[in-house]
Amino acid sequence: MCGIVGYIGKQKTVNILLDGLKELEYRGYDSAGVALLNQNKISVYKALGKLNNLEEKINTSNDNESYDLGIGHTRWATHGKPTELNAHPHLGEYSYVVHNGIIENYKELKDELISHGHKFVSQTDTEVIVHLFEYYQNSLNSCQEAFEKTVERLEGAYSILLISKACPENIFFFKHGSPLIVAHGMNEGEVLFASSDAPLIGLCKDVVYLEDECGGVASKEGIVFFDESQVQWGSLPSSKQFAQKEGYRFFMEKEIYEQSNVVSDTMLGRLQDQSITFDEFDASLIQGINEIKICACGTSYHAGITASYLFERLAKVKCSVEIASEFRYKEPLLTKDTLFIVISQSGETADTLEALKMAKKNGLKSIVVCNVDNSSMTRVADHSVLTRAGIEKGVASTKAFSTQVVVLWMMALYFAQQKKVLSQEAMHTELHALREVPSSLLVLDKVHEKTRRLSKRYLHGHGFFFIGRDVFFPLALEGALKLKEISYLHAEGYPAGEMKHGPIALADPELFTIALMPQHLLYDKIKSNVEELSARDSTICAISPLSFDLADDFIQTNVKDHYMLEFFEMLVVLQLLSMEISVRLGNDVDMPRNLAKSVTVE
Ligand code: M6R
């Protein structure tokens, strides 16, 4: 959610901030803003919607002042509607703040500050930070003390940057729960901040990924931390990995097409001739482990459910899956014979990160399956297994999911291998199938064309049911989530065998059933389930290698010899179908409404 950036230095401050925000925009695009400061002047620009609105506003302002420092923000609204008034930076009388996260006790603080005469203009939680700072600054007359007292009073999760006319050479910063990085720039006296590393790559000498409760004050003289003991300087890759659309209409489309290639990277060095190896851990990991618990959100949660079938089926180990936001507050019973696996594309999802910390606190061994190295989760987990999908820009996850499933499938096989619970022949079949995954993820022209044509039939109706059994149930969940998030049509994923326990009551011609009918897993069972729906007049779109008479529409997949290969083929079909429906509806495929790429608030 939200992205924040800050800059002190001699380059054109506003350009550095806007470039940084461009890198973070996919994390939140309800509004954006910057505040710029020098000894004489403080200027703020805010605009609703995407970043180019802000850029346009700044360009037409003819502001030729040179600013010594500045802070910027791109917002995903939590408190208060997406309006210009609610856009960051928020201001008091003479100070500005940008904030990523949520201030949970903002109501109490706001009441208190109002009783001291402070006036609020926005509906956000963030505004209390800057008023609290000024409240203390007015009496203490020390920016640093005022800032330290401010952060002491804040509850919730936050990373903040604050500037003030009272100390025009400084940017104050603090991290508690949400990510923040501080860096020395390449030039003398340059300091940069960002809530993830992308805006900093190529601009910095060295960086600190701040730990929780770490804060300080920066100026062109350098960076002073409130507590040096938590500070560890490191470096970033020197060149930026740019994600470009490369001729595709959308990042999502490019990322769907890329899957076949990136899964080869995922398997590289891990899939051997006769076995699976992971450099990230060794056999001692599973010593004393009787159970696996997986925790994640959204698409990553669907990868987790898929993995639970594979861990139990292949590695013969008990496996349960939890939605991170539920897990955190259910007072779970955690035992040390449980291996805790979190799955996250970004490595920053607040609920998943907190679940991981909880498991660690309880002494569980932990692994994160993650796409972003150096993310918060990779720094907390005992072991990080990177999915190597490359930058995923589309808010709707595609290649993150396929690479997660491949990693988890390989992990299940690794455990099976160590526990010697699979016959040589079965292991051989699995390894052979893994090698075929890249070809199953290839986008075939005829399939893409079919989804394009079919998409026009599925633009209305009163809802979609995606149904499947076994691993095709989480795939159905994923298909439904893809459709919901970019088409804004109501869709549900359901276990096919469960429809008759209630949802079948909804069946009529305006109910669209997308049926996942693999040849190699419970075909006859799912066929009966689909027949039941067809008998009740639901419109059926069957996805299967085998033709199915009762289907109103049929997308034929290739005949494969392993159900997981059918899984990946069908995944591509579902991704394309939701994208084409979204295109026909005229939606923003890469930046769908109300969403953000990385959810760093709980
Ligand atoms: O970065 P994470 O994998 O932890 O993100 C979890 C979910 O927010 C994410 O998968 C979300 O559901 C996607 N937009 C789905 O396409």
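Rules and cut-offs
Residues numbered from 1 in each chain as written. Predicted model: local features only at pLDDT ≥ 70, side-chain atom pairs only at ≥ 80, totals over all residues. Heavy atoms only, no water. UniProt positions renumbered as here; feature names shortened; annotations may be inferred. Axes fitted to C-alpha atoms, helices over the stretch in contact; angles between N-to-C directions. Helix = DSSP H or I, 4+ residues; strand = E, 2+ residues; numbered from the N terminus. Parallel < 35°, antiparallel > 145°, perpendicular 65-115°, else oblique. Left-handed = near helix turned anticlockwise from the far one by under 90°. Contact = heavy atoms within 4.5 Å. Nonpolar A, V, L, I, M, F, W, Y, C, P; charged D, E, K, R; others polar. Near = heavy atom within 4 Å. Polar contact = N/O pair within 3.5 Å; in protein donor to acceptor, adjacent residues only side chain to side chain. 1 Å grid on protein atoms, 1.4 Å probe; cavity = no way out; pocket = protein on both sides within 12 Å on 5 of 7 lines; lining within 4 Å. Sits in = over half its atoms within 2 Å of the grid points. Domains from an automatic or database assignment. Points joined across faces, edges and corners; volume = space filled by probe spheres on them. Disulfide = S-S within 2.5 Å. Buried < 20%, exposed > 50% of the residue type's maximum accessible area, 1.4 Å probe, protein only.

For the protein, an unreviewed UniProt entry supplies the name Glutamine--fructose-6-phosphate aminotransferase [isomerizing] and the organism Candidatus Marinarcus aquaticus. Regarding the protein, the UniProt comment filed under Function (unreviewed entry) reads as follows: "Catalyzes the first step in hexosamine metabolism, converting fructose-6P into glucosamine-6P using glutamine as a nitrogen source." What UniProt records for the protein under Catalytic activity (unreviewed entry) is the sentence "D-fructose 6-phosphate + L-glutamine = D-glucosamine 6-phosphate + L-glutamate".

1. Points about the packing of helix H14 (residues 472-487) against helix H16 (residues 563-584)
As a packed pair, H14 and H16 sit with axes 9 Å apart at the nearest point and diverge in direction by 15°. By the angle between their directions, the pair H14 and H16 is classed as roughly parallel. At the point where H14 passes H16, the crossing takes the right-handed sense. Residues Phe 472, Leu 475, Glu 478, Gly 479, Lys 482, Leu 483, Ile 486 and Ser 487 of H14 pack against Tyr 563, Glu 566, Phe 567, Met 570, Leu 571, Leu 574, Ser 578, Met 579, Ile 581 and Ser 582 of H16. Residue classes in the contact of H14 with H16 are distributed as 11 nonpolar, four polar and three charged.

2. Structural notes on the site of the ligand
The full set close to the ligand counts 15 residues, and Ser 300, Ser 344, Ser 346, Thr 349 and Glu 485 are the nearest of them. Gln 345 places a main-chain nitrogen or oxygen 2.7 Å from an oxygen atom of the ligand. Taking Glu 485, its side chain carries an N or O atom lying 2.5 Å from an oxygen atom of the ligand. In this structure, the ligand is accommodated by the second largest pocket. Mapped by element, the contributors of at least two residues to the shell around the ligand are helix H7 (298-315) and H14. Each residue belonging to the shell around the ligand can be placed in one class, and the counts come to five nonpolar, eight polar and two charged. When we break the shell around the ligand down by domain, the ones giving at least three residues each are domain 2 (242-442) and domain 3 (443-602).

3. Concerning the UniProt feature "domain: SIS" (unreviewed entry) in the protein
UniProt marks residues 281-421 and 454-592 with the feature "domain: SIS" (unreviewed entry), using the numbering shown here. Span residues 454-592 is 37% helix and 19% strand, its end C-alpha atoms 22 Å apart.

4. Quick look at the layout of surface pockets
In this model, the second largest pocket occupies a volume close to 580 Å³. Broken down by secondary-structure element, the contributors of at least two residues to the lining of the second largest pocket are H7, strand E16 (338-344), helix H9 (350-361) and H14. In terms of residue count, the dominant contributor to the lining of the second largest pocket is H7 (three residues). Two domains each put at least three residues into the lining of the second largest pocket: domain 2 (242-442) and domain 3 (443-602).

5. Focus on the state of the cysteines
Going through the model one piece at a time under the given rule, you end up with one disulfide. Between the sulfur atoms of Cys 143 and its disulfide mate Cys 167 the distance is 2.3 Å. Across the S-S bond linking Cys 143 and Cys 167, the dihedral sits near -100°, which makes this disulfide left-handed. On the criterion of sequence distance, the pair formed by Cys 143 in helix H5 (residues 143-153) and Cys 167 in the loop between strand E7 (156-164) and strand E8 (171-176) is long-range, its members being 24 residues apart. Using a relative accessible area of 9% as the deciding quantity, one classes Cys 143 as buried. A relative accessible area of 8% means that Cys 167 is categorised as buried.

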